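Now for the letters of each chain:
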Amino acid sequence: MIDISLVVERFLLYAGLEQADGKITSLCQSSKNRMESLIKSTAEDNDDRLIVAAASDAFYQWSLLKKAVDEESFSSLRAGDITVKNDSDSVIKAAEKIRDEAFKALEGLIDDRGFYFGEVSIDDLEENL
């Protein structure tokens with residue numbers, strides 16, 4: 001459904017990198033699989049919204065891992081129009097924002113398997129008695 005090479009290509013754009021290693025490809029594959037498990041069967045193959053969501057999710061995961069392993073390795077990262085220098089927390093916040101916006105764009109493509117849990121007030125109960 002989603003071509004992994006398109007996800008990796010988009011990831012590289014976000015990360016400001018020129019080529020992917022095995023770790024990056026693995027992160028992208030994992031995010032691609034996650035997206036494919038959530039989407040409706042009627043979704044079109046290689047829908048750009050799915051590619052962006054998978055790549056942004058991989059970029060967010062990569063940012064977290066990069067900080068956990070070596071915070072000093074953050075020197076300069078570019079994600080679209082956003083460039084961040086020497087601040088891992090800012091990179092993670094930017095990656096999270098990019099991911100969240102990409103996920104919002106998936107509305108209508110996600111197979112809703114959740115449920116709603118709400119609250120009922122005493123006033124609501126008394127009115128219905």
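About the thresholds
Residues numbered from 1 in each chain as written. Predicted model: local features only at pLDDT ≥ 70, side-chain atom pairs only at ≥ 80, totals over all residues. Heavy atoms only, no water. Helix = DSSP H or I, 4+ residues; strand = E, 2+ residues; numbered from the N terminus. Contact = heavy atoms within 4.5 Å. Areas by Shrake-Rupley, 256 points an atom, 1.4 Å probe, with all protein chains shown as cover. Core = buried A, V, L, I, M, F, W, Y, C linked by side-chain atoms within 4.5 Å. Buried < 20%, exposed > 50% of the residue type's maximum accessible area, 1.4 Å probe, protein only. Polar contact = N/O pair within 3.5 Å; in protein donor to acceptor, adjacent residues only side chain to side chain. Axes fitted to C-alpha atoms, helices over the stretch in contact; angles between N-to-C directions. Parallel < 35°, antiparallel > 145°, perpendicular 65-115°, else oblique. Left-handed = near helix turned anticlockwise from the far one by under 90°.

With respect to the overall build of the chain
Move 1: Helix and strand content of the chain: 5 helices and 2 strands.
Move 2: When the helices and strands of the chain are read in sequence order from the N terminus, they spell out α-α-α-β-β-α-α.
Move 3: When contacts within the chain are restricted to residue pairs at least 6 apart in sequence, long-range pairs at least 24 apart make up 68% of them.
Move 4: Total accessible area on the chain stands at roughly 8400 Å², and carbon and sulfur atoms take up 49% of it.

A few points about unusual backbone geometry
Move 1: With phi around 55°, N46 is a residue other than glycine that occupies positive phi space.
Move 2: Mapped onto the secondary structure, N46 falls in the loop between α2 (22-38) and α3 (48-69).

Here's the deal with the nonpolar core
Most often, soluble globular proteins keep nonpolar side chains buried together rather than apart.
Move 1: Formed by 29 residues in total, the largest nonpolar core has its most connected members in V7, F11, C28, L50, F59 and W62.
Move 2: Of all the elements in the fold, those that place two or more residues in this core are α1 (4-15), α2, α3 and α4 (88-104).
Move 3: Residue contributions to this core peak at 10 residues, all from α3.

So, the side chain of S31
Move 1: Relative to the elements of secondary structure, S31 occurs in helix α2.
Move 2: S31 sits in the buried class, given a relative accessible area of 1%.
Move 3: In terms of polar contacts, S31 uses its side chain to reach the backbone amide nitrogen of A58, at 3.2 Å.

What to know about the environment of K32
Move 1: As for its placement among the helices and strands, K32 is situated in helix α2.
Move 2: Linking K32 and V8, residues 24 residues apart in sequence, is a C-alpha distance of 9.7 Å.
Move 3: Not counting the four nearest positions on each side in its chain, K32 is found in contact with I2, I4 and A54.

What to know about the environment of E101
Move 1: Positionally, E101 belongs in helix α4.
Move 2: Judged by relative accessible area, which is 43%, E101 ranks as partly exposed.
Move 3: Sequence-wise, E101 and A53 are 48 residues apart; in three dimensions their C-alpha atoms are separated by 8.5 Å.

Side note on the packing of α2 against α3
Move 1: The interhelical angle for the contact between α2 and α3, taken along N-to-C directions, is 130°, at an axis separation of 8 Å. The angle between α2 and α3 falls in the class oblique. With respect to the hand of their crossing, α2 and α3 are arranged in right-handed fashion. Together, I24, L27, C28, S31, K32, R34 and M35 of α2 and L50, A53, A54, D57, A58, Q61, W62 and L65 of α3 make up the contact between the two elements.

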